[in-house]
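Geometric and topological summary
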Amino acid sequence: MSLDRKADWRPTATLETLVQRAKLLSHLRAHFVATGAMEVDVPVLAESCVSDLHIDCLQTSVNDSVQYLQSSPEYYMKRLLAYGCGSIYYLGKAFRDGEVGPRHNPEFTMLEWYRPGWDEHQLMSEVAALLSPLIADLNTVTYSYGQVFEEATGLDPHVADLVAVQEYASDLSGSSFAQESRSTCLDLIFSLAVEPTLQDGLVFVHDYPACQSALARVDTNSCGRQVARRFEAFLNRMELANGYYELTDPVEQKNRFLEDMRLRKSAGKSEPPVDENLLAALSYGLPGCAGVALGVDRLLMQLLKLDTIAESMPFAQGVMSDGR
């Protein structure tokens, strides 16, 4: 074993940042203790994982079988909700493959919580209440997806012709999106054309197009359009949280899983097994609830005005310490 090369063992965050990180974790836990939610500790390794086309899970071999590091504790938490655990939260690690950059790290810290009997609007209010003590004079506004999308692009995302959406995405990206789905095109357009137009402070965007429902319910809004009961929260134009008025129908959930698998196969991606335990829990009876996942590292980035997610973490992946 050679000892010639000096290992860079130091953290990627400063000591001052680590102190603030510890305080933030304490604040988050204190909020849920005060509001009656139970902390849960669920596995990060499982035989299945999310089926979302745009999320790739890290996989490993355990006793000669493939298992996946979880990108979210969602499936386990919904099983606990069906079991009768009531309001619950998770504060711990999550993993996603292929996510490295100023705002991404393969391993990150996620805060996820669920409130039985609530809808997405009540949960948005709680997100604001959670963050308000951390940011002086926090400005909070709420918009519909259609409103901010059309103001930024001139396209109504709910009814615009698919070809028009594909052409807009192609022009914006400099690559052809002619064969991409409406959902994929809308994701690209929102990231590059809409997010930069959002104002400072905490911005909630809700009523997403039905094609982006993920695990949210789909309902008819006041304008008679089918929308996903989903919201995202942006802090100073950085995506921070993603929440749903949760889908509870096991048949619809299975159909969405199968559609995801079709899209993954078409894209040449792996097809992880469907989580039959989640479907069984939904069949048993998931209570009406709202849930949200929030990126803790990104929140700390915003609180401390850090440039990269690595600076918010004790040890980021693939990043060398700057010697602090």
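An unreviewed UniProt entry lists the protein chain under the name EF-P lysine aminoacylase EpmA, from Porticoccus litoralis. For the record of the protein chain, the UniProt heading Subunit (unreviewed entry) holds the text "Homodimer." According to its UniProt record, the protein chain has this under Catalytic activity (unreviewed entry): "D-beta-lysine + L-lysyl-[protein] + ATP = N(6)-((3R)-3,6-diaminohexanoyl)-L-lysyl-[protein] + AMP + diphosphate + H(+)".

**Observations regarding the overall build of the protein chain**
A tally of helices and strands in the protein chain yields 9 helices and 12 strands. Relative to the globule expectation of 20 Å for 324 residues, the C-alpha radius of gyration of the protein chain, 20 Å, shows essentially globular dimensions. Overall, the C-alpha framework of the protein chain stretches about 65 × 45 × 45 Å when taken along its three principal axes. A burial count over the protein chain gives 47% of its 324 residues as buried. For the protein chain, the proportion of contacts with a sequence separation of at least 24, taken over those separated by at least 6, is 68%. Summed over all atoms, the accessible surface of the protein chain reaches about 15,700 Å², with 51% contributed by carbon and sulfur. Across the protein chain, the centroid of the 27 positively charged side chains sits 4 Å from that of the 44 negatively charged ones.

**Some points on empty space enclosed by the protein**
Counted under the stated rule, the structure contains 1 cavity of 30 Å³ or more. The computed volume of the largest cavity comes to approximately 30 Å³. What lines the largest cavity is V42, P43, V44, Q70, S72, P73, Y90, K93 and A94. Its residues assigned to classes, the lining of the largest cavity shows 6 nonpolar, 2 polar and 1 charged.

**Side note on the pattern of salt bridges**
Within the structure shown, the criterion is met by 16 salt bridges. When the shortest N-O distance is used, the salt bridge between R10 and D8 registers 3.6 Å. For R10, a relative accessible area of 31% corresponds to the partly exposed category. R264 is paired through a salt bridge with D56; the nearest N and O atoms lie 3.0 Å apart. Of this pair, R264 sits in helix α7 (residues 250–266) while D56 is found in the loop between β2 (45–46) and β3 (59–62), placing the two residues 208 residues apart along the sequence. When salt bridges with common partners are traced through the structure, they connect D56, R264 and K269 into a single cluster.

**What about the confidence of the model for the protein chain?**
Of all residues in the protein chain, 96% have pLDDT values of 70 or greater, and the mean over the chain is 94. The model gives residues 320–324 a pLDDT under 50, and that stretch makes 10 contacts with residues more than four places away or in other chains.

**A word on the packing of aromatic side chains**
Tallying each qualifying case throughout the model produces 9 aromatic pairs. Here the aromatic rings of F204 and F231 are separated by 6.0 Å at their centres, their planes lie at 70°, and the arrangement is edge-to-face. One end of the pair, F204, is in strand β8 (residues 202–209); the other, F231, is in strand β10 (residues 226–235), and 27 residues separate them in sequence. The two residues F204 and F231 agree in class, both being buried. Members of the aromatic cluster, each reached through a chain of ring pairs, are Y145, F149, F190, Y208 and F234. Positioned over the ring face of W118 is R115, at 5.3 Å from the centre of the ring. R217 extends its terminal NZ or CZ atom over the ring of Y245, reaching a point 4.0 Å from the ring centre.

The rules behind the values
Residues numbered from 1 in each chain as written. Predicted model: local features only at pLDDT ≥ 70, side-chain atom pairs only at ≥ 80, totals over all residues. Heavy atoms only, no water. UniProt positions renumbered as here; feature names shortened; annotations may be inferred. Helix = DSSP H or I, 4+ residues; strand = E, 2+ residues; numbered from the N terminus. Rg over C-alpha atoms; globule rule 2.2 N^0.38 Å. Buried < 20%, exposed > 50% of the residue type's maximum accessible area, 1.4 Å probe, protein only. Contact = heavy atoms within 4.5 Å. Areas by Shrake-Rupley, 256 points an atom, 1.4 Å probe, with all protein chains shown as cover. Lys, Arg positive; Asp, Glu negative; His and termini not counted. Charge placed at Lys NZ, Arg CZ, Asp CG, Glu CD. 1 Å grid on protein atoms, 1.4 Å probe; cavity = no way out; pocket = protein on both sides within 12 Å on 5 of 7 lines; lining within 4 Å. Points joined across faces, edges and corners; volume = space filled by probe spheres on them. Nonpolar A, V, L, I, M, F, W, Y, C, P; charged D, E, K, R; others polar. Salt bridge = Lys/Arg side-chain N within 4 Å of Asp/Glu carboxyl O. pLDDT = per-residue confidence, 0-100. Phe/Tyr/Trp six-rings, centres within 6.5 Å; stacked < 30°, edge-to-face > 60°. Lys NZ or Arg CZ within 6 Å of the ring centre and 35° of its normal.

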